[in-house]
Amino acid sequence: MNFFNNISNILDKYTGLLLKGLGYTMLIALVGTVIGLIIGLCTGIIRTIPTSKNKAVSIIQRCVNALISVYVEVFRGTPMMVQAMVIYWGFAFANGGNTLPLIPAGIFIVSINTGAYMTEIVRGGIISIDKGQFEAAYSCGMNHFQVMLYVIIPQVMKNILPSVSNEFVINIKDTSVLNVIGVMELFYQATKIQTMTYQIFETYLVVCVIYFIMTFSITRLLRLVEKKLSGSNSYTICGSQSDPNAEIRVKEGQ
Amino acid sequence: MSENAVIKLSHLEKSFGENEVLKDINLEVSKGEVISVIGSSGSGKSTMLRCINLLEIPSGGEILYEGKNIQDKSVKLTEYRAKVAMVFQQFNLFNNMTALDNCVKPQMIVLKRTKEEATKIALEFIEKVGMSAYVNAKPSQLSGGQKQRIAIARALSMNPEVILFDEPTSALDPEMVGEVLEVMQDLARSGYTMIVVTHEMGFAREVSSRVIFMDGGYIVEEGTPEEIFKNTKQERTKQFLSKVL
Amino acid sequence: MKRIFALILAVALMLCTFTSCGGRDQFDMSEVNSLSDLDGAVIAAQTGTFHLDALTAQTEGVDVKEYPDFTQLLTALNSGAIDGYVAEEPTAYAVIAQNPGLSYVALKNNDTGFTATDADTGIAVAFKTGSAYVATVNEILAGISTETREKLMQQAVTMNANPDEALTEALALVSSNTNTSNGTLKIAMECAYAPFNWSQTTDANGAVKIQGSDLYANGYDVQIAKYIAAEMGMSLEIYSAKWEALITGVQAGTYDGIIAGMSPTEEREAEVDFTDCYYNSNLVIIYKK
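Cut-offs applied
- Residues numbered from 1 in each chain as written.
- Chains lettered and ligands numbered in written order.
- Predicted model: local features only at pLDDT ≥ 70, side-chain atom pairs only at ≥ 80, totals over all residues.
- Heavy atoms only, no water.
- 1 Å grid on protein atoms, 1.4 Å probe; cavity = no way out; pocket = protein on both sides within 12 Å on 5 of 7 lines; lining within 4 Å.
- Points joined across faces, edges and corners; volume = space filled by probe spheres on them.
- Helix = DSSP H or I, 4+ residues; strand = E, 2+ residues; numbered from the N terminus.
- Nonpolar A, V, L, I, M, F, W, Y, C, P; charged D, E, K, R; others polar.
- Pairing = 2+ DSSP bridges.
- Domains from an automatic or database assignment.
- Contact = heavy atoms within 4.5 Å.
- Buried area = accessible area lost by both parts, 1.4 Å probe.
- Polar contact = N/O pair within 3.5 Å; in protein donor to acceptor, adjacent residues only side chain to side chain.
- Expected span 1.5 Å × (residues − 1).
- Buried < 20%, exposed > 50% of the residue type's maximum accessible area, 1.4 Å probe, protein only.
- Salt bridge = Lys/Arg side-chain N within 4 Å of Asp/Glu carboxyl O.
- Core = buried A, V, L, I, M, F, W, Y, C linked by side-chain atoms within 4.5 Å.

Novice: Looking at this structure, how should I read the layout of surface pockets?
Specialist: What the largest pocket holds in volume is close to 1100 Å³. Surrounding the largest pocket, 28 residues form its lining, Pro50(A), Lys53(A), Ile57(B), Leu77(B) and Arg81(B) being those nearest its centre. If you list the elements that add at least two residues to the lining of the largest pocket, you get helix H2 (55-76) and helix H5 (131-139) of chain A together with helix H2 (77-83) of chain B. Counting residues per element, the lining of the largest pocket draws most heavily on H5(A), at four residues. For the lining of the largest pocket, the residue count by class is 12 nonpolar, eight polar and eight charged. By volume, the second largest pocket amounts to about 900 Å³. Around the second largest pocket, the lining is made up of 44 residues, and of these Gly182(A), Tyr188(A), Ser240(C), Ala241(C) and Lys242(C) lie nearest the centre.

Structure (C-alpha cells):
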C-alpha cells in the first residue's frame, strides 16, 4: 500500500534527521527543566528570606521580590513561541546581526520559561512545609540558607517531584515551538522532511508516534523514580531487649 | 542583678497587632536552674519562651544573654540560638532525616563538627533518652513520645547552655507522657539549665527549682515549688491551681 | 477486556469522523481558460505573497484560502480541501513532475489571466537598504542571458524530480572564478520552494550545505547564489529561514541577502533594496486532474 510505502520511505531515508531532532529535543527539554528548577529553587529561597530590620536591606529585598514577580508574570503570561521570537531577534538587532547559537538559545528560552513556572511550583512546595520545620531549624542556629538547603528544600523536592516531572514532559512537547527560530529539534526536522517528501500526513504521523513514545516512557520512568524517592517504608531496629545485636526490620503501618 | 544570670528578661513586651501578649516581663535565670512556667492558655507562657529564642521578635524591653543584649548587632543570632536549644510541643523533627541525622546534621552544619564526632555525641544522647534502637527510623515511623525523646536528644547534641521546653508533653497521648517526663527529670538532675512551659503540675512541683505563674501577660507570682503550691500568696494563682490540681 | 473494547470504540469513532468529513463538490478546473471561469472555485495561495494579493483583487466569486507554505498548499490540493492554488510556472513544472495526477492552467500575464508587472512576478535578490552589493549584483545578473536562465530553470526542474541523482549534462550557469578572498556572502532562502530552492539530503548536483543543518540546498536560486558569490570573489553560506523571517534577518544583519524566489513588490521595497530581476515567470493555477 502506498501509505505504508511512504512511511517506510520516511523512516528509511530520514532516520538520521529524526534521531538528531529527538536528541536535541531531549537535550533542550532536560537541561531546560533542570535549569528551570534551579531558577525556581533560587527564587524560592530568595522570596522566603525573612524581612530584614535594616531599612536599606529591606528595600533591596522588596525590589528583588518585585522583580521576581514581574519575571514570573511576564513569562507565564506570554507564549513561549513569542518569547523565542522576541529574544532571538531582539538579540540579533541589538548585536549587529549576530544571532545566538541555536541550541544554547533554545535551552535558554526553555530554561527561563520553565523557571517562571518552577518559581510558583517551588513556592507552593515551600508553603506546604510545616512552619515547625523552619522554627526547629532556626532554633538549632542555622541561617536562612542552611535551613533551606538542608531541611526545607529536600522536603520540597520530594513534594514537588510530580509537578517537576510533569513540567519536563510538557517541555518535551513544547520545545517544538522553537522551530520558529530554527532550532533543529524534532518538530523542525519534521517541517524539513515534509518539504522534501511533500507528505505532510505521513511525516507528522511518524513524528507523532515518536513524541508519544518519548513522553509515555518518560512519564512511566519518572513515576518509578517518584516511588523510589518517597522512601522505603521500613527501617531497622538495632538491638532488642533480649538480644543487643539483633537487627529487626520494621515495616511502616505494622 | 545577680552575676551568674545566664538569661535575663527585662521589661520584655510583645504584642501581635493590637493584642498585647506580654506586658513587662522581668525574669532572671541562673545556671543550673530548672524553671517551670505555668499558667492558663493565652497567658503568654509560650510567647515568652519563643521570644527568648527570638522566634518572635519582642516589641519592647531587652533579653540579655550572659549580660549582652541578644538583639544587639554584636551578637550573632545563629551562634546565640545554638546555645539556647528549644524543644517544641509538636516535636518538629526534620522529616527528611532519620532519627540519627536529626541529631547529627545540626551539629555538623552549625557547630562545624566532623561527622564522626557528631555521630559519637548524637549516639550518646540518643542512648540517654533511650532511643538507641530507632536511630535508623524516619520521624514518620516513630510514635509521639519517641519523636519527642529524639527531639530532646537533638537539643542536647548541640551542647546548649539553656534548653527551652515549649509544652513538650501537651501533644502526647497520656501513656507517652511518662517516658518524656522521665527523660526531662533525668536532665534536671544532671544540672542542665532548663525553662519548661508545662501543664504537668507534678513535674513543676517535684523537679523544678523555681515555679513561675503567668497570667494576662504578667508574671503574677514566682517562688520555689513549696511557696507556689503550698503557700500560695496571690488570689489568681490560687484560682488557677484549684482548677488544675 | 474493557480496555480493548474502549480502544476499538475510539478507533471506530475516529474512522467515522474521517469518512463523514469527505465529499466536498469538486470544481471542474479543466474548463478554465480565463480568470472569469474561476467563479465558484476554492483557490488558495501562499500567505504574504503577490499571488494572494492578485487572487483577492483580480478575481470574483472565488473562495480564497491561504496557507503558510508551499507544502501545505500541495497537501491541501491533494486532500481535496481546495480546487487549485496560484503558483509560478516553474513551480508547476516541478510539482507536476512529482505528482502525475496534477495539471495546471497558464493564466498568461496581461492577457486573460492575472495583471502583473515584473515587480510582481519577476524575482530579484534583496539586500539591506543602501547596500553597495545591489549595483555589483546587477552587473553580474546583466551578464546572464535569457537562454541561460531558461536552461538553468529546466535543469532545476529535472534535478528536483530526483535530487540525489547527478544530471547528465553540465549546469548551464557556472562561474570560472575560484578566488574567494573577498569574504563570505550569507544568503537566506526557505529551502522549501522547488524548483527555486529546496532541501535535499546529499550534495548532489552542486548542492550547498545549509548552515547549522545536515541538509543541503539546491535549486535555481542556489545556483544563482553560487554564481553571484563566485563572481564577487566571495565564499557562499546558505541559511534556511521561514518566509516571514527572511526580511527581518537581512535588516538585523544576520544575512547579507535574500535569494528566495522573492518578487520586488512595493511593500518589500520599503524594507529592503532589490536588484534587477533574475527570472520572470507567469502565474498559473495548479489543480487536480
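So, next bit.
Novice: Would you explain the sheet that holds strand E8 (residues 208-209) of chain C in this entry?
Specialist: Working definition: the strands of a sheet are paired by backbone hydrogen bonds and lie parallel or antiparallel to each other. All names here are of chain C. The strand order across the open sheet built from three strands is E7-E9-E8, with neighbouring strands paired in antiparallel fashion. Every interior strand has two partners, whereas the edge strands, strand E7 (198-200) and E8, have only one. Looking at chain direction, E8 and strand E9 (residues 216-218) are connected through two bridges and run antiparallel. Bridge pairing in E9 links Val208 to Ala217.

Novice: Whenever I open this one, the domain arrangement of chain C confuses me. Can you help?
Specialist: Many descriptions give the size of an interface as the accessible area lost when the pieces come together. Residue and element names in this part refer to chain C. The domain boundaries assigned to chain C delineate domain 1 (24-117) and domain 2 (119-280). Taking the mean C-alpha position of each, domain 1 and domain 2 sit 25 Å from one another. Facing 16 residues of domain 1, the contacting portion of domain 2 comprises 19 residues. Around 1500 Å² of area is buried between domain 1 and domain 2 when both sides are counted, 51% of it from carbon and sulfur atoms. Taken together, the connections running from domain 1 to domain 2 amount to six residue pairs in polar contact (both at pLDDT 80 or more). Mapped by element, the contributors of at least two residues to the side of domain 1 that touches domain 2 are helix H2 (50-58) and helix H4 (89-98). The element that contributes the greatest number of residues to the side of domain 1 that touches domain 2 is H4, accounting for five residues. Taken together, the residues that form the side of domain 1 that touches domain 2 break down as six nonpolar, nine polar and one charged.

Novice: Even after reading the chapter, I still don't get empty space enclosed by the protein, so can you show me in this structure?
Specialist: Gaps between atoms show up when a probe of the same size as a water molecule is rolled over them. Residues and elements named next belong to chain C. Per the counting criterion, the structure on display carries three cavities of 30 Å³ or more. Counted as a void, the largest cavity has a volume near 110 Å³. Forming the walls of the largest cavity are Gln46, Thr49, Phe50, His51, Glu88, Asp120, Glu190, Tyr193, Trp243, Gly261, Ser263 and Arg268. Its residues placed into classes, the lining of the largest cavity shows three nonpolar, five polar and four charged. Each of domain 1 (24-117) and domain 2 (119-280) contributes no fewer than three residues to the lining of the largest cavity.

Novice: Before we go on, may I ask you to explain helix H3 (residues 99-110) of chain B in this structure?
Specialist: Each α-helix winds once per 3.6 residues, and so residues spaced three or four apart point in a common direction. With 12 residues, H3(B) should cover 16 Å at 1.5 Å per step; its first-to-last C-alpha distance of 18 Å lies within 8% of that length. Where burial is concerned, most of H3(B) is hidden: nine out of the 12 residues are buried. Ala99(B), Leu100(B), Asn102(B), Cys103(B), Val104(B), Pro106(B), Gln107(B), Ile109(B) and Val110(B) are the residues of H3(B) that are buried. Where H3(B) is buried, its residues meet helix H6 (144-174) of chain A together with H2, helix H4 (115-128) and helix H5 (144-157) of chain B. Two residues or fewer after H3(B) comes Lys112(B), characterised by a positive phi angle close to 60 degrees.

Novice: Help me understand the pairing of strand E1 (residues 42-46) of chain C in this model?
Specialist: A regular strand places its side chains so that they alternate between the two faces of the sheet. All names here are of chain C. Of all five residues that make up E1, five are buried, and the element is covered over most of its length. Neither face of E1 is exposed, since Val42, Ala44 and Gln46 on one face and Ile43 and Ala45 on the opposite face are all buried. Bridge analysis of E1 against strand E2 (residues 63-67) gives five bridges, and the strand direction is parallel. The residue bridging Val42 from the neighbouring strand is Asp63, located in E2.

Novice: Can you walk me through the interface of chain A and chain B in this structure?
Specialist: With 27 residues of chain A at the contact, the number on the chain B side is 30 residues. Taken together, both faces of the contact between chain A and chain B bury some 2300 Å²; the carbon and sulfur share is 58%. At the junction of chain A and chain B, the tally comes to one salt bridge. Taking the shortest distance from any N to any O, the salt bridge between Arg50(B) and Glu135(A) comes out at 2.5 Å. The tally of links between chain A and chain B comes to six residue pairs in polar contact (both at pLDDT 80 or more). Mapped by element, the contributors of at least two residues to the side of chain A that touches chain B are H5, H6 and strand E1 (234-238) of chain A. For the side of chain A that touches chain B, the element with the most residues is H5(A), which contributes seven residues. For the side of chain A that touches chain B, the class distribution of residues is 11 nonpolar, 12 polar and four charged.

Novice: Could you clarify how one ought to interpret the nonpolar core in this entry?
Specialist: Nonpolar side chains in soluble globular proteins tend to end up buried together. Judged by nonpolar contacts, the single largest core of 110 residues is most densely connected at Tyr85(C), Tyr220(C), Ile224(C), Ile228(C), Tyr278(C) and Ile286(C). Here this core gathers at least three residues from each of two domains, domain 1 (24-117) and domain 2 (119-280) of chain C. In this structure Ile286(C) touches Leu77(C), Asp83(C), Gly84(C), Tyr85(C), Ala87(C), Ala92(C), Val95(C), Leu102(C), Ser103(C) and Tyr104(C), once residues within four positions along its chain are discounted. Val164(A), Val6(B), Met48(B) and Ile212(B) belong to the second-largest nonpolar core, a separate cluster that totals 59 residues.

Novice: Would you explain the environment of Glu231(C) in this entry?
Specialist: All names here are of chain C. Looking at where Glu231 falls in the secondary structure, it is placed in helix H8 (residues 220-231). The class for Glu231 is partly exposed, based on a relative accessible area of 34%. Distance in space between the C-alpha atoms of Glu231 and Leu246 is 23 Å, their sequence separation being 15 residues. The contact partners of Glu231, leaving out residues within four places of it in the chain, are Ile140, Ser175, Ser176 and Asn177.

Novice: Please explain the pairing of strand E5 (residues 122-128) of chain C as it appears in this structure.
Specialist: Residue and element names in this part refer to chain C. For E5, a buried count of six out of seven residues is recorded, marking the element as mostly surrounded by other parts of the structure. Sheet topology note: the E5/strand E12 (residues 272-280) ladder contains six bridges and is antiparallel. Of the residues in E12, the one forming a bridge with Gly122 is Asn280. Bridge count between E5 and strand E11 (residues 257-258): two bridges; the pairing is antiparallel. Across the sheet, residue Phe127 finds its bridge partner in E11, namely Gly257.

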